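A look at the structure
Letter by letter, the chains look like this.
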Amino acid sequence: MPADLADLERRVETLERAQRENAATLTWMSGTLGQVRAIVDDHTLRLQRMEDDGRRTQHELRGLREEMPGIVRDALREERS
């Protein structure tokens, strides 16, 4: 049975509505992915700063560990004087 004009118009309208919904979804996804990317970049920078702070703290603790005997020795000498 051949499709009549009303049936074809209904199908076209359905396809057009689906296309608009897909376009809206893609627009939303694009914006959302952009926000996610910005958050990921921010978190990556924060983690890098934390790693740098951790390395600096380890370096400072190593230095303190090496200097501690001299600090204690000098404090004891001053106390005896």
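Residues numbered from 1 in each chain as written. Predicted model: local features only at pLDDT ≥ 70, side-chain atom pairs only at ≥ 80, totals over all residues. Heavy atoms only, no water.

**Considering the environment of Val40**
In this structure, Val40 sits in helix H1 (residues 5-80). Accessibility expressed as a relative area gives 43% for Val40, which makes it partly exposed. In this structure, the C-alpha to C-alpha distance between Val40 and Ala24, residues 16 residues apart in sequence, is 24 Å. (Helix = DSSP H or I, 4+ residues; strand = E, 2+ residues; numbered from the N terminus. Buried < 20%, exposed > 50% of the residue type's maximum accessible area, 1.4 Å probe, protein only.)

**Things to note about the pattern of salt bridges**
A complete count under the given rule lists seven salt bridges for this structure. The salt bridge partner of Asp41 is Arg37, with a shortest N-O separation of 3.2 Å. Of this pair, Asp41 and Arg37 both sit in helix H1, four residues apart, which is roughly one turn of the helix. Judged by relative accessible area, Asp41 falls into the partly exposed class, the value being 36%. Take Arg37: its relative accessible area is 54%, and that puts it in the exposed class. Note that Arg46 is salt-bridged to Asp42, the shortest N-O span being 3.2 Å. Taken as a pair, Arg46 and Asp42 lie in helix H1 at a separation of four residues, close to a single helical turn. Among the residues examined, Asp42 registers a relative accessible area of 32% and is labelled partly exposed. Sharing partners across several salt bridges, the network here consists of Asp7, Arg10 and Arg11. (Salt bridge = Lys/Arg side-chain N within 4 Å of Asp/Glu carboxyl O.)

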